[in-house]
Structures are given as C-alpha cells and as structure tokens.
Amino acid sequence: MPELFRIALDCRDFIRHGSNRATGKPFWVRAGRGNTVGILSIGLKAALRAERDLTGRRGVFKRLRRRWSKLPLANRFVLYGSAVTIAAMLLCGVLITSAMTEITLARRGTVVPPLVEGMLAPHIQQIGPDGRLAESDRLALDAMMNESTLLAEFPYLDLWRADGTILYSNSPQLEVRQLEVPLKVQRAFEGEVGVDFTDVRSQDYAEHGLKTDFIEIYFPLFSRETGEIIAVAQLREVTASLEKDLWALTLSSWATAATIGLIVMVALFGIVLEGSRKIERQGRILSRRLAQSHQRAARHRELKAVAQRASLNVTEFTDKHLRTIGTDLHDGPAQTIGFAVLRLDQIRRLPTKGAREKIVAEIETTLGGALSEIRGIALALVLPDIEDLDLAQVIVRAVEQHTRRTGLAIDVDSRIEPVHAAPELSVCVYRFIQEGLNNAFHHGLPEGQTLTATMQGGVLKLSITNKNLTDYVAQADHRGIGLYGLRARVQSIGGHLAFVQKDGRTRLEMWVRHV
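Rules used throughout
- Throughout this document, residue positions are counted from 1 along each chain, in the order its sequence is written.
- With the structure being a predicted model, the display of local features is reserved for residues of pLDDT at least 70 and the display and counting of side-chain atom pairs for 80 or more, all residues being used for whole-chain, interface and lining totals.
- Side-chain figures throughout are based on the complete set of non-hydrogen atoms in the structure, without hydrogens or water.
- Salt bridges are defined by distance alone: a side-chain nitrogen of Lys or Arg within 4 Å of a carboxyl oxygen of Asp or Glu.
- By the criteria applied, helices consist of DSSP H or I runs no shorter than four residues and strands consist of E runs no shorter than two, each listed in order from the N terminus.
- When a residue's accessible area, from a 1.4 Å probe over protein chains only, is under 20% of the maximum for its type it is buried; when over 50% it is exposed; and in between it is partly exposed.
- Axis angles are defined between N-to-C directions and span 0 to 180 degrees, where every axis is a line fitted to C-alpha atoms and, for a helix, only to the segment in contact.
- Each angle is binned into one of four classes, with values under 35 degrees roughly parallel, values over 145 roughly antiparallel, values of 65 to 115 roughly perpendicular, and all other values oblique.
- Rotating anticlockwise by less than a right angle from the far helix to the near helix defines a left-handed crossing, while the corresponding clockwise rotation defines a right-handed one.
- Pairs of residues are marked as contacts when any of their non-hydrogen atoms sit within 4.5 Å.
- Strands were regarded as paired on the criterion that DSSP finds at least two bridges between them.
- Any two of the Phe, Tyr and Trp rings considered here, Trp counted by its six-membered ring, make a pair once their centres fall within 6.5 Å; the pair's planes then place it as stacked at under 30 degrees, edge-to-face at over 60, or tilted in between.
- The predictor rates its confidence in each residue with pLDDT, a number between 0 and 100.
- Exposure above 30% relative accessible area and no salt bridge define the residues that can form patches, which grow by joining like charges within 9 Å and nonpolar side chains of Val, Leu, Ile, Met, Phe, Trp and Tyr within 5 Å.
- Each accessible area value is a Shrake-Rupley result obtained with a 1.4 Å probe; residue values ignore everything except the protein chains displayed when judging cover.
- Think of it this way: Lys and Arg go in the positive column, Asp and Glu in the negative one, and His and the chain ends go nowhere.
- Taken as the charge location is NZ of Lys, CZ of Arg, CG of Asp or CD of Glu.

Any two side chains of opposite charge can pair, so long as their charged atoms come close to each other. On inspection of all chains with the given rule, the structure shows eight salt bridges. Linking Arg-108 and Glu-237 is a salt bridge whose minimum nitrogen-to-oxygen distance equals 2.8 Å. Taken as a pair, Arg-108 in helix H4 (residues 73-120) and Glu-237 in strand E5 (residues 229-238) lie far apart in primary sequence, 129 residues in all. Residue Glu-237 is classed as buried on the basis of its relative accessible area of 3%. Close ionic contact of Glu-302 with Arg-299 constitutes a salt bridge, the shortest N to O distance being 3.5 Å. Separated by three residues within a single helix, Glu-302 and Arg-299 lie in helix H9 (residues 240-349), roughly one turn from each other.

What follows is about the packing of helix H11 (residues 391-406) against helix H12 (residues 423-443). Between H11 and H12, whose axes approach to 9 Å, the crossing angle comes to 30 degrees. Regarding the angle of H11 to H12, the classification is roughly parallel. Seen from above, H11 lies across H12 with right-handed handedness. Contacts between H11 and H12 pair Leu-391, Val-394, Ile-395, Arg-397, Ala-398, Val-399, Gln-401, His-402, Arg-405 and Thr-406 from the former with Ser-426, Val-429, Tyr-430, Ile-433, Leu-437, Asn-438 and Phe-441 from the latter.

Let's shift gears to the pairing of strand E4 (residues 214-222). Of all nine residues in E4, eight are buried, a share of seventy percent or more. As paired strands, strand E3 (residues 194-197) and E4 are joined by four bridges and run antiparallel to one another. Following the sheet pairing, Gly-194 is matched in E4 by Tyr-218. In the sheet, E4 pairs with E5 via nine bridges, with the strands oriented antiparallel. Bridge assignment links Pro-220 to a residue of E5, and that residue is Val-232. Between the end of E4 and the start of E5, which pair antiparallel, lie six residues, with Gly-227 showing a positive phi angle near 80 degrees.

This model, assessed by the stated rule, comprises two aromatic pairs. With centroids separated by 5.6 Å and ring planes inclined at 85 degrees, the aromatic side chains of Tyr-156 and Phe-214 adopt a geometry described as edge-to-face. Note that Tyr-156 is positioned in strand E1 (residues 156-160) and Phe-214 in strand E4, a separation of 58 residues in sequence. Given the relative accessible area of 6%, Phe-214 is considered buried. Centre to centre, the rings of Trp-247 and Trp-254 are 6.1 Å apart; their planes meet at 80 degrees, and the pair counts as edge-to-face.

Attention now goes to the confidence of the model for the chain. Averaged over every residue, the pLDDT of the chain is 78; the share at 70 or more is 84%. Confidence, read as mean pLDDT per element, is least for helix H2 (residues 27-31) in the chain (40) and greatest for strand E7 (residues 450-456) (92). Considering only residues more than four positions removed or in separate chains, one finds that residues 472-480, a stretch of pLDDT under 50, has 23 contacts.

Residues Arg-58, Lys-62, Arg-63, Arg-65, Arg-66, Arg-67 and Lys-70 make up a contiguous surface patch of positive charge. Tracing the sequence through the fold places Arg-58 in helix H3 (residues 36-70). Judged by its relative accessible area of 48%, Arg-58 is partly exposed.

Attention now moves to the sheet that holds strand E8 (residues 459-467). Reading across from one edge, E6-E7-E8-E10-E9 is the order of the five strands in this open sheet, with mixed pairing throughout. Here the strands that pair on one side only, and so sit at the sheet edges, are strand E6 (411-415) and strand E9 (496-502). Taken pair by pair, the neighbouring strands of this sheet meet at an average axis angle of 10 degrees, ignoring direction. Across five bridges, the pairing between E6 and E7 is parallel. From the neighbouring strand, Asp-411 faces E7, where its bridge partner is Thr-450. Across the sheet, H12 touches E7, E8, E9 and strand E10 (505-512), and the angle it forms with E8 is around 10 degrees.

So, about the pairing of E1. Counting buried positions along E1 gives four out of five residues, so the element sits mostly inside the fold. Pairing of E1 with strand E2 (residues 166-169), which is carried by three bridges, proceeds in the antiparallel orientation. Its bridge partner being in E2, Asp-158 is matched across the sheet by Ser-169.

A surface patch of nonpolar side chains, amounting to about 450 Å² of accessible area, comprises Leu-329, Ile-337, Val-341, Leu-344, Leu-367 and Ile-374. At the level of secondary structure, the elements contributing two or more residues to the nonpolar patch comprise H9 and helix H10 (353-381). Of the residues forming the nonpolar patch, the biggest block, four residues, is contributed by H9. The residue Leu-367 is located in helix H10 in this model. On the basis of relative accessibility, which here comes to 38%, the residue Leu-367 falls in the partly exposed class.

So, in structure tokens, the structure goes:
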C-alpha cells in the first residue's frame, strides 16, 4: 500500500510540476521508458502486490478469528485476563515509579540545598573585580568537593552568575567561561529551588564531557550583607542509589500488582470456568436435542408417508373388498337363486303332483345352499361381540369360531394377561387370527397349525405357523380380508406384519409396541 500511495503522489506531482517532488527529477526517470505504459505497469504491479499483501493479512486474521472463536470461554478469559493483568501491572509499576521519582526529587530539593548552602555561602561572599573568587575560597571549595563522602554522592559542582559565567566549578576548564544559561538556573536566580534529571542536550553537559545521567539540584546563594542572590549552585548527584531504590520499588509494585491480579484472576477464573462448563454442557445438550429433533422430524415424515400409504392402501383395499363381496354374491348365491327361479317355471308346466314335489325339494335344497353361502359371507364380514372381552378372551373367541367352521384343532400357546386393550387393537388381533388361520386352512396341511401369543415389556406379539402345500401369494381370499388388507390394518395402529415361507413352513407374525 505505501508503494501505491507513493506512485499516486508522484503522478500528481508529474501532472502539476512535471517532476518528482521528492527527487526533483522528471517522473519518467524513475518510471523507466518515459511513456504511459511504463507508468501504468508500475502502478499496476504495486496495486497487485498491495492487494496480495492485504488478502494475505485478511486470510491470517480470519484464521486467527476462527481459532479464537473455537476456544472455550474459560481459555479466552485466561488470555484476556492475563493480557489485562500484565498491562495493568506494567502501568502500575510505571505510574508508581514516576510518582516516587517525583517525590524523591522533591525531597532532594527540600533536604540537600539547606545543608550544602551553609557550606558554600561563606566562600562566595568576596568576589574580586575580575569576577573570580578569592584563592582561599577556591581552595576551600576544592577541599570540600574532594572529600570522599561528598564526592561519592555529589561529584560535580558549578556556581553560576546571572550572565552565564561559571564562578566556580570543580571542573577547572569551565571556570570563568560564559555558557548558555539553563532554564533551571534562571528560575533559581528568581529564588526558586529546582531539581531535575540531567538535560543531556544542554551546553554545560557537553562541556563537562559527561556520559551518564545525574540528578541536578539548583538553589540560590545569598549575600550575607544585602540578602541578594549573588550566585546559583548547580549540584550534580549520582543516581545509582536512586535507581536502585526505584528499581526495587518498581519490582515490588509489579509483584504486588501481579499477586493481586493473580488472586483476582483465580477467583474469577473459577466462576468463569464453572459458567463455561455449564454453557458447554448446555450446548452439548442442545446439540443432542437438536439432533433428536431432526431425527424425530425425519421419523415423523416417514410415519406420515407410511400413514398416507396406509390410508391409500385401506381405500384401495376397501374398493377391492367390495368388488370381491359383489363377485362372491353374484357368482354364488345369486346364481343359485336364479337357478331356483328357473326351476319354478318348470313346476307350472308339470302335470303331476309327484313331479312338482320332486322339483320343489330340489329348489329347497338349492336355496338352502345359497342361504348357507350368504351366511358364510356375512360371518366373515361381521365381527362377533368382542367389545367387552380382554385380549386373552379375544384370542380364544377367534380360535373357537375357526374351529367351529373348519372342525380342525389348533395348538394355542397364549401367554397373554387378561388385560383390556383399545377396540382397534382387539379388532386387529381378531382379524389377524381369522385371516392367518383361514390361510393356513386353505393353503396348508391340516395338522401342525400353531398359534403363539406373548406380551412382554409392552410389546404384543402374535405368530401363526403351519406346513404349507404350495407357495402362497399375498392376495385377497374370497372368504377373508387378505394379507394385503391385513398389513394395512396392522400398520394403521403402529404395528408391523411379517410373512415368511421357509423349509416347507409358513409363519405369519405381527407385533405392536406400547400396548
């Protein structure tokens, strides 16, 4: 991006001035060939490079943001809290160090000038016409500044006149020289005591040839006769002890801030960790429930489709069953009754009573057969009175009716408790036994027919087995409702139907849950 901005600025300068303002050279010198193509190529390259850099930075930022969003809440709190605690610790140390530095400097300005002034003032009362101190005073000041105790703490002393002349300095090369008057010296001539760190850019610092920092203390020296300020003392104090104290204070403040921050972080981390775990646990629960909701919705759609198919199957079965009943009535009793009506015409034409009675007897037999067929069809269509029966009694009633119709004995293994069920379940059980035993009677051997009924854990299971003669095709029987309709009936109450033929045996099963 900076390259792109520079190209834009150069283009602007070229339009305005015909040259590059930064170099003073014509723009085409840097552009290369001095034509528009060269200018545009450089700008295009810079723009593409800037775009690649920006895209790369955006990609890195997006990856970091994705990783950050995947971190648990407690981990993010630790990172945030650690950064804030470290920043607060550093800021606290800096602020405390700055405050203590100001306090220490202020104390230096309060304690040091009264002590040193009493030692310096007697030796500056007599200043010669040439602006110098008396030799005895200079020797006394040199002796004082050469004392080991004072020299260790205050290695440099300068006495300033108002015009910038150095009245005395323990650096002999500066004596009687006139330098630029520092601001603190000017204020000291106004009666103000000043304390500050060395200004390394000042002229007197350079003239001294100093390389390290000092604490500079400025205070006025007064005339004992007139009380006027006759000089200003500039005393330089080494900072080793101060730096040691300030560093110890800084470390202690950092340690205190770190300890307090750590205690606060640990206390808050426990709360945040508990909340984070609770949120994660609730998130997992919600995810699991969402998955269950999706599964239930899918299951609901499947059941809805099954219900729609079952409803369609019931409709088709009803139409087919009605057609079957009509066919049975037309081909059976209706034909027989029609034959009897034809025989009645013969009776009118017979001359003898005996012949008429013979035909009447045949008609009576024919009509009795038709009546039996009609009753058989009605018996297959109409349920017996099972509303007040429990499941065990419904099973017994269905088996007994089949036994009366066929005369065959059925092997029954019923382990059903005498419990009452919903009417639709009782009707389904009855029809299952009726259809299964009818199929076994019409398509199987007389012996070996078995009915098994169990109910365990709320699951009702019925099974009819027999030895079959030929493969049975699941289609409507002229006497029963057929496996096609039976499956639709079982599915309508939430059950399942299975029809299996294997090794010469046939098994018809149904099971229903939550009975």
